Amino acid sequence: MKTLATEEFLINMGPQHPSTHGVLKLMLTLDGEIIDQCVPHIGFLHRGMEKIFENRTYLQITPFTDRLDYLAALTNNLAYASTVEALANIAVPERAQYIRVVMAELQRIASHLIWFATFSIDLGATTPFLYGFRERERIIDLFEAATGGRLTYNYIRIGGVARDIDGSWISKAKEICQSLLPKIDEYEAILTGNPIFIERTKGVGIIRSELAKDYCITGPNLRASGVPADLRKDAPYAAYGEIDFRIPLGVNGDTFDRYKVRLDEMRESINMIMQALDKLPAGEFLTKVPRFLKPPVGEAYTAIESPRGELGFYIVSDGTQKPSRVKVRAPSFSNLSILPALVKGIKIADIVAITGSIDIVLGEVDR
């Protein structure tokens, strides 16, 4: 009696595909619906940002950093400014350090809301998609009031921040943060116990802690695997050393845990923002920095905890106005590299859930 035989075939998922979160091409080898091999291809967005940085003065580079992870522009500003400050031995006023915490955590919430919205619609849930953008809009209004921008900000500068925040802005920020908590509970009520959502996420795309470390995974993806690694705790910067917060962790390292960790992180970010605003000291918000900044000959690497993980800048100074070498340690690049190890043997529909749960931004993958 003859049996049916299957034949492997190749398909390209992307680079124009609604579930790859940017111009990413996944070359999939399939046996029916089962994935045998996955090879991510990048390069469709390449802009040579690091070389652009090397041909600009230190002060001119800041606006370009917004364009790396454009969903977390303020944290790019912060990582770059912190590295130059370490390189040039520039002291940042205490008030500016607290404002940086507030802005970085608001940016984390805004970024996670985009992730929540797009991840939900990847799995077919339209209502959470609309809810996520609804709440993010209120945070974007806060950013606009403080910085003048809604997506790219050029706000965190070398030596502090571009503008101070006043009492009315602080009151509005507190009101928005308090209103966000019940909204996050509402997100959980819609998705967390939904049997279809659980079926699509529980036990899917498991990243064991050892595998995560092998691939240098950082951020929520690592913490979902049960590893309590967070630069805000492990190597405090800005005013994080003065803020009390916990690190949300997962147990199984699956798609569901990555979802749950990010929801809990939004709650913790609200807690941190409220503390930072209550403790906000008086004083200057920006120290004086030479117009023609020339850090001494040397090198520096500084990393921060972006919404996607460890974001670091390595800068080499030759004593001139322009850096001689810049290298960006982008978390999305490392996080994406684990995808082939996660998808072998699963159905093609599950790669959509897994890719969405990793939360990549191609602007920093293909910088």
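Residues numbered from 1 in each chain as written. Predicted model: local features only at pLDDT ≥ 70, side-chain atom pairs only at ≥ 80, totals over all residues. Heavy atoms only, no water.

K.L.:
Even after reading the chapter, I still don't get the overall build of the protein, so can you show me in this structure?
P.N.:
Tallying secondary structure elements over the protein gives 15 helices and 8 strands in all. Over its C-alpha trace the protein gives a radius of gyration of 21 Å, about what one expects of a compact globule, namely 21 Å for 367 residues. Dimensions of the protein, computed from the C-alpha atoms along their principal axes, are close to 85 × 45 × 35 Å. For the protein, the residues scored as buried account for 56% of the 367 residues in total. Of the contacts made within the protein by residues no fewer than 6 positions apart, 71% connect residues no fewer than 24 positions apart. When the accessible area of the protein is evaluated, it comes to approximately 15100 Å², of which 54% is carbon and sulfur surface. Here the protein holds 42 positive side-chain charges and 45 negative ones, and the gap between their average locations is 4 Å. (Helix = DSSP H or I, 4+ residues; strand = E, 2+ residues; numbered from the N terminus. Rg over C-alpha atoms; globule rule 2.2 N^0.38 Å. Buried < 20%, exposed > 50% of the residue type's maximum accessible area, 1.4 Å probe, protein only. Contact = heavy atoms within 4.5 Å. Areas by Shrake-Rupley, 256 points an atom, 1.4 Å probe, with all protein chains shown as cover. Lys, Arg positive; Asp, Glu negative; His and termini not counted. Charge placed at Lys NZ, Arg CZ, Asp CG, Glu CD.)

K.L.:
Got a minute to help me understand the side chain of Thr65 in this structure?
P.N.:
Looking at the secondary structure, you find Thr65 in helix α2 (residues 58-65). Within polar-contact distance, the side chain of Thr65 engages the side chain of Asn77 at 2.9 Å. Excluding anything up to four places from it in sequence, Thr65 contacts Phe53, Asn76, Asn77, Tyr80 and Phe313. (Polar contact = N/O pair within 3.5 Å; in protein donor to acceptor, adjacent residues only side chain to side chain.)

K.L.:
Which parts of the structure should I look at to understand the side chain of Thr147?
P.N.:
Along the chain, Thr147 turns up in helix α5 (residues 126-147). There is a polar contact of 3.1 Å between the side chain of Thr147 and the backbone nitrogen of Gly149. Setting aside residues no more than four positions away along its own chain, Thr147 makes contact with Tyr153, Tyr155 and Arg163.

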